[in-house]
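What follows is the residue order along each chain.
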Amino acid sequence: MTTESFETFEELGLNEDILKAVLEMGFTKPSPIQAQGIPAVMQGSDVIGQAQTGTGKTAAFGIPVLERIDVSSNAVQALILCPTRELAVQVSEELGRLAKYMRGVRIEAIYGGDSIDRQIRSLKKGVHIVVGTPGRVMDHMERKTLKFNEVRMMVLDEADEMLDMGFREDIESILADMPEDRQTILFSATMSKPIMSITKRFLNDPVLIKVVRNELTNQNIEQVYFEVKPQAKVEVMTRLIDMHHIKSLLVFCNTKRKVDEIVEDLQLRGYASEGIHGDLRQQQRSNVMSKFKAGVTTILVATDVAARGIDVSGLDGVINYDIPMDEEYYVHRIGRTGRAGMSGKAFSLVARDEKYRLKSIEGYTKVKIEKGVIPSYEDIVGVRKARFVETIAALIKDSEDEGLYADVLEMLHHSGFTTEQIVGAMAKQIMGVQKNEYADGNLAWEERRGDRREGSVDRYAKTDRREGGSRFERGGERRDGGSRFGGDRGGDRFGKGERREGGRDAGGERRPSAPEAGMTRLFLSLGRKDHIMPKDIVGAIAGEANIPGKTIGAIDIYDKFTFVDVPERDARAVLRAMDGNTIKGKPVQIDIAK
Ligand code: ADP
Ligand code: MG
């Protein structure tokens, strides 16, 4: 069997009404899967179509389906199965647009979670095309509220996703119940064994159309990779999000478990993120999706398979938390950003043992993925400061409730603080930039000879990667889950910016800078090698010298010693109480730092 390909929709010989709608929808020429798929389906053959997300598969089967509907009959003539409610709705809407100038074509989406009685009432009025999820379609078949004895076309859309979601049995029993002489069309992004076995059993001498390699080089997508240690991937991810001000992001990883881990880690850091994977019930999925679409959540973390069941477009970026096992997956992933003339970013976090996969992706897509430099801590502070200033300026400009908060400043002045101190403290809290266990030096893996490809170009080379990260390291503390500047949603910021444990701030002050006014810097003879943590130091000093823990300032733990700032007036008391004393059972010498 041959497959022809056409340059224009006119050449495809479509009926006038559909042609008019297609042009109105802004489709100037058929996409490759449409150019090959539409004629094949119109010929009446069974068809297997393999093409990535976003290549126009809906119209590839939708146009021929509409062409074959006989509106003078009231019977269901086409059944389209989709993996999720979202996709079912999306497909039925696209069909509705294509059928805009056709008279009397009735299309109904049926899916779980919607009232079955309402669906039954609408089905009773007569429907020509049913777009449904397998579970709900089975329901209606069992209740005999859907009759398929006149179905001529059966479409399995996103077949691999449906199988991964556990619909195999449903699909098989639906297929087994369809009239023998129907036409069967299957679309899938990948061809797995279970799919092949379905096609063998239920498709009749199918035409195979495979469009995977074109459109790989979407010029709007900026593809950059970063060499990152596996344990530093979330940190690097948040830096990239901050640096590039990414407000809608899809993060891909290879396993469900990773989805949960990443989501938790991001949430702990104050980023509004949620996960999507096959284990979610339809209702949970819709919840997650509507929050994402409303911008309440800004980051979705998903596995490849789960991501295909959702309809998201117009993303600022895609991050490959890990590198997919399959080159095609890479293409699908990054295809989620940079659509419809918008620009998008595709960042890949590459561990050393993933580098070879990145190379094979480059070989497959014939696109060079450039190497990026991880933004440094200072870069992040810089962008956050700039955005902070912007936001505050905007707030001041359109502030309607002046007066209401004016006395706050007065109250703080009254407590003896200067305006500079007050603003500084507020900025620190609101921006939420805090140092954690990741210093700049321990994010990337060290290149060995042979790791580096010839001619790699460093992108975003704003600052050099830094060595000797231990200087900035902060004894393994985590940020609190408080407010972030990055999330950019005014309201939640002021609420919960609790201070970290022990009440110290961690504004990134480095040694050897002078302590803040009114503070004395002390030297302690214990350090990281003694496994002490800031909370141990705060506990010991506060307990032994009987001063409030929250008055203790910056703590910098080095390998063999530690600097800690305490209020000037308490310095003597701390020295007296601590010298020769122990912290975590270890004797400590303490002195005023020089
Ligand atoms: P897929 O099912 O392959 O993921 P869709 O059918 O959902 O892709 O199509 C993705 C988007 O591209 C939709 O917004 C659709 O309206 C649009 N589209 C489809 N075909 C064309 C075309 N020939 N020209 C321009 N846009 C198209
Ligand atoms: Mg689709």
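Numbering of residues starts from 1 in each chain and follows the order in which that chain's sequence is written. Following the order in which they are written, the chains are lettered starting with A and the ligands numbered starting with 1. Selection of residues for local features in this predicted model requires a pLDDT of at least 70, selection of side-chain atom pairs for listing and counting requires 80 or more, and totals for whole chains, interfaces and linings are taken over all residues. Working from all heavy atoms in the structure, the side-chain values ignore hydrogens and water.

A. Looking closely at the nonpolar core. To qualify as a nonpolar core, a set must consist of buried Ala, Val, Leu, Ile, Met, Phe, Trp, Tyr and Cys residues joined through side-chain atoms within 4.5 Å. Relative accessibility decides the category of a residue: with a 1.4 Å probe and only protein chains considered, values under 20% of the type maximum give buried, values over 50% give exposed, and everything between is partly exposed. Formed by 40 residues in total, the largest nonpolar core has its most connected members in Leu14, Ile63, Leu66, Ile80, Ile129, Val131 and Ile185. Where helices and strands are cited, they refer to DSSP runs of H or I of at least four residues and of E of at least two residues respectively, numbered from the N terminus. The leading source of residues in this core is helix H3 (residues 57–68), at six residues. Ignoring anything within four residues of it in the chain, the contact list for Val131 reads Ile80, Cys82, Ala88, Val91, Ser92, Leu95, Ile107, Glu108, Ala109 and Ile110. Val127, Val130, Phe167 and Leu175 belong to the second largest nonpolar core, which has 29 residues in total. Here, two residues are considered to be in contact whenever any of their heavy atoms come within 4.5 Å of each other.

B. Expanded view of the packing of aromatic side chains. When the centres of two rings from Phe, Tyr and Trp lie within 6.5 Å, Trp using its six-membered ring, the rings pair. Their planes under 30 degrees apart give stacked, over 60 give edge-to-face, and anything left gives tilted. This model, assessed by the stated rule, comprises eight aromatic pairs. Measuring from ring centre to ring centre gives 5.5 Å for Phe226 and Phe347, while their planes differ by 80°; the resulting arrangement is edge-to-face. Placement of the pair is Phe226 in strand S8 (residues 221–227) and Phe347 in strand S13 (residues 344–350), with a sequence separation of 121 residues. An identical accessibility class is assigned to Phe226 and Phe347; each is buried. On the basis of an interplanar angle of 85° and a centroid distance of 5.9 Å, the ring pair of Tyr558 and Phe563 is categorised as edge-to-face. When sorted by exposure, Tyr558 lands in the same class as Phe563, which is buried.

C. View of the environment of Val130. Within the element layout of this structure, Val130 appears in strand S4 (residues 129–132). The sequence separation of Val130 and Phe148 amounts to 18 residues, and the corresponding C-alpha distance is 10.0 Å. Residues contacting Val130, with those up to four places away along its chain left out, are Val76, Ala78, Leu79, Ile80, Glu108, Ile110, Leu123 and Leu146.

D. The packing of helix H8 (residues 168–177) against helix H9 (residues 193–202), seen in detail. The convention used is that axes are lines fitted to C-alpha atoms, helices contributing only their stretch in contact, and that angles between N-to-C directions extend from 0 to 180 degrees. With their axes 11 Å apart at the nearest point, H8 and H9 run at an angle of 10° to one another. Here H8 lies roughly parallel to H9, going by the angle between them. Contacts between H8 and H9 involve Arg168, Ile171, Glu172, Leu175 and Ala176 from the first element and Pro194, Ser197, Ile198, Arg201 and Phe202 from the second. Residue classes in the contact of H8 with H9 are distributed as six nonpolar, one polar and three charged. Each angle receives one of four descriptions, namely roughly parallel if under 35 degrees, roughly antiparallel if over 145, roughly perpendicular if within 65 to 115, and oblique otherwise. Basically, the charged four are Asp, Glu, Lys and Arg, the nonpolar ten are Ala, Val, Leu, Ile, Met, Phe, Trp, Tyr, Cys and Pro, and anything else, Gly included, counts as polar.

E. Geometry of the sheet that holds strand S17 (residues 555–557). The pairing criterion is simple: DSSP has to find at least two bridges between the two strands. Judged by pairing direction, the sheet is antiparallel, and its four strands sit side by side in the order S17-S18-S16-S21 without closing on themselves. The open sheet terminates on both sides in strands that have one partner only, identified here as S17 and strand S21 (590–592). Between one strand axis and the next, the sheet turns by 25° as a mean value, whatever way the strands run. Bridge analysis of strand S16 (residues 519–524) against S21 gives three bridges, and the strand direction is antiparallel. Residue pairing in the sheet places Leu524 in a bridge with Ile590 of S21. Strands S16, S17 and strand S18 (562–567) of the sheet are contacted by helix H20 (residues 534–545), whose axis makes an angle of about 125° with S17. Here helix H21 (residues 568–578) sits on the sheet and contacts S16, S18 and S21; the angle it forms with S18, its principal contact strand, is near 125°.

F. Inspection of the sheet that holds S4 at higher detail. Strand order in the open sheet made by the seven strands is S3-S4-S2-S5-S6-S1-S7, with parallel pairing throughout. Taken across any chain shown, the strands that pair with only one partner, and hence form the sheet edges, are strand S3 (107–110) and strand S7 (207–211). Ignoring which end each strand starts from, the neighbouring axes of this sheet average 15° apart. Bridge count between strand S2 (residues 78–81) and S4: four bridges; the pairing is parallel.

G. How the structure looks around the site of ligand 1. Throughout this document, a residue counts as near a molecule or strand when at least one of its heavy atoms sits within 4 Å of that molecule or strand. Around ligand 1, the surrounding shell holds 15 residues, and the nearest of these are Lys29, Gln34, Gly54, Thr58 and Glu94. Thr55 places a polar main-chain atom, nitrogen or oxygen, 3.1 Å from an oxygen atom of ligand 1. All accessible-area figures derive from a Shrake-Rupley calculation using a 1.4 Å probe, and residue coverage is judged against the displayed protein chains alone. If ligand 1 stood free it would expose 570 Å²; the protein chains cover 72% of that surface. Elements supplying a minimum of two residues to the shell around ligand 1: H3 and helix H4 (85–98). Grouping the constituent residues of the shell around ligand 1 by class yields three nonpolar, nine polar and three charged. Two N or O atoms count as a polar contact when they lie within 3.5 Å, although within protein this holds only if one can serve as hydrogen donor and the other as acceptor, and sequence-adjacent residues are included solely when both atoms are side-chain atoms.

H. Examining the side chain of Ser248 more closely. With respect to the secondary-structure elements, Ser248 resides in the loop between helix H10 (233–243) and strand S9 (249–253). Given a relative accessible area of 16%, Ser248 falls into the buried group.

I. Expanded view of the side chain of Ser188. On the secondary structure map, Ser188 appears in strand S6 (residues 183–188). Classification of Ser188 as buried rests on a relative accessible area of 0%. Look past the residues within four positions of Ser188 in its chain and what remains in contact with it is Gly49, Gln50, Ala51, Ala159, Asp160 and Ile195.

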